[in-house]
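# Summary of the model geometry
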Amino acid sequence: MKKTEQLYEGKAKKVYATDTEDVYLVEYKDDATAFNGLKKGTIGGKGIINNKMSNHLFQILEKAGVPTHYVKELSDRETAVKKVEIVPLEVIVRNVAAGSFSKKLGIAEGTKLLVPTLEFSYKNDDLGDPMINDYYAIAIGAATRAEIDRISELAFRINDVLCAYFAERGIDLIDFKVEFGRFHGEIILADEISPDTCRLWDSGTHEKLDKDRFRRDLGKVEDAYQEVSKRLGL
């Protein structure tokens, strides 16, 4: 399989067409952004860690009945994925109050929620990815009711699998953001699962092992990503 034209370049990845039907190539970058691109920087080795971690977790989720866009890891930074039409929603699951959730509701960061929460944001950088509900999503044509129900079901299943997996490795899954796509009429998990898209805290010390170290200028960003990679055996 060979990559052909570049189709898209985002904050963390490039996407290429390939000479294989229904397959794209994703290349992970070391670029880092926060606050809808207002803060920019570089995290050394991030692209390699995010690529390998996402692929590893996608394969675990596949075995747990979650369909994903993963096809094959091609190199340290490149992966073949199914050609999906991305549903324009960021899907966020929260287990512990943190970040914007804490700020909006005045709940101390680190407070365990009584049940996991699910929220949607409309994927639009110009608007700041505003939070919407399922009725908004249906009304604007972002997804159908059946798709919303399927996305919600898969999001909570992903949470169950990942919470247990990370807990075995001394990591608390505080929250995470995922995206889904349509592939031949089926809703499947797409994008990535990494320290860029998850809040991951050490179970004992509550040390942050994710992109919050970049967002909040906490230092040792590369060390945090490498620690997660090491615990996952990548």
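Let us look at the structure shown here. (Residues numbered from 1 in each chain as written. Predicted model: local features only at pLDDT ≥ 70, side-chain atom pairs only at ≥ 80, totals over all residues. Heavy atoms only, no water.)

### What about the nonpolar core?
Let me state the cut-off plainly: Definition used in this section: a nonpolar core is a set of buried Ala, Val, Leu, Ile, Met, Phe, Trp, Tyr and Cys residues joined via side-chain atoms within 4.5 Å. Burial here depends on accessible area, computed with a 1.4 Å probe over protein chains only, as a share of the maximum for the residue type. Under 20% is buried, over 50% is exposed, and the range in between is partly exposed. Secondary structure follows DSSP: runs of H or I at least 4 residues long count as helices, runs of E at least 2 residues long count as strands, and numbering of each begins at the N terminus.
With 38 residues, the main nonpolar core has Leu61, Leu89, Phe166, Phe180, Leu189, Ile193 and Leu200 as its most contacted residues. Those elements that provide at least two residues to this core are helix H1 (46-63), strand S9 (89-96), helix H4 (145-167), strand S12 (171-183), strand S13 (186-190), strand S14 (198-202) and helix H6 (221-231). Among the elements that take part in this core, H4 stands out by supplying 9 residues, more than any other. By size, the runner-up hydrophobic cluster in this structure holds 7 residues, among which are Ile43, Phe214, Val221 and Tyr225.

### Re the pattern of salt bridges
Filter applied, for reference: Salt bridge, as used here: a side-chain nitrogen of Lys or Arg that lies within 4 Å of a carboxyl oxygen of Asp or Glu.
Within this structure, the stated rule accounts for 32 salt bridges. In this structure, Asp30 engages Arg77 in a salt bridge whose closest nitrogen and oxygen atoms are separated by 2.9 Å. Of this pair, Asp30 sits in the loop between strand S3 (23-28) and strand S4 (31-34) while Arg77 sits in the loop between strand S6 (70-73) and strand S7 (78-82); the two residues are 47 residues apart in sequence, bridging distant segments of the chain. Owing to a relative accessible area of 17%, Asp30 belongs among the buried residues under this scheme. Since its relative accessible area comes to 26%, Arg77 is described here as partly exposed. Between Arg216 and Asp212 there is a salt bridge; the shortest N-O distance is 3.5 Å.

### Focus: the packing of H1 against H6
Selection criterion: The axes are straight lines fitted to the C-alpha atoms, using for helices just the contacting stretch, and the angles between their N-to-C directions are given from 0 to 180°. For classification, angles of less than 35 degrees are called roughly parallel, those exceeding 145 degrees roughly antiparallel, those between 65 and 115 degrees roughly perpendicular, and all remaining angles oblique. In a left-handed crossing the near helix is turned counterclockwise from the far helix by less than a right angle, and in a right-handed crossing that turn is clockwise. Residue contacts follow a heavy-atom distance rule, with two residues in contact if any of their heavy atoms lie within 4.5 Å.
At a minimum axis separation of 10 Å, H1 and H6 run at an interaxial angle of 30°. Taken together, the axes of H1 and H6 are roughly parallel relative to one another. The two elements H1 and H6 meet at a crossing, and its hand is left-handed. Facing H1, whose interface residues are Lys46, Ile49, Asn50 and Met53, H6 presents Tyr225, Gln226, Val228 and Ser229.

### Thoughts on the side chain of Thr197
Here Thr197 lies in the loop between S13 and S14. Judged by relative accessible area, which is 11%, Thr197 ranks as buried. Once residues lying within four places of it in the same chain are set aside, the contact partners of Thr197 are Asp175, Phe176, Lys177 and Glu192.

### Description of the packing of aromatic side chains
What counts here: Think of it this way: a Phe, Tyr or Trp ring, Trp meaning its six-membered ring, pairs with another when their centres are within 6.5 Å, and the plane angle makes it stacked under 30 degrees, edge-to-face over 60, tilted otherwise. Any Lys NZ or Arg CZ found within 6 Å of a ring centre and within 35 degrees of that ring's normal is scored as a charge over the ring.
Tallied over the full model, the rule gives 1 aromatic pair. An angle of 70° between the planes, with centres 5.9 Å apart, marks the rings of Tyr165 and Phe166 as edge-to-face. Looking at Tyr165, the relative accessible area reads 9%, which means it is buried. Judged by relative accessible area, which is 0%, Phe166 ranks as buried. Sitting over the face of the ring of Tyr135, Arg145 holds its NZ or CZ atom 5.7 Å from the ring centroid. Residue placement shows Arg169 over the ring face of Tyr165; its charged tip is 3.7 Å from the ring centre.

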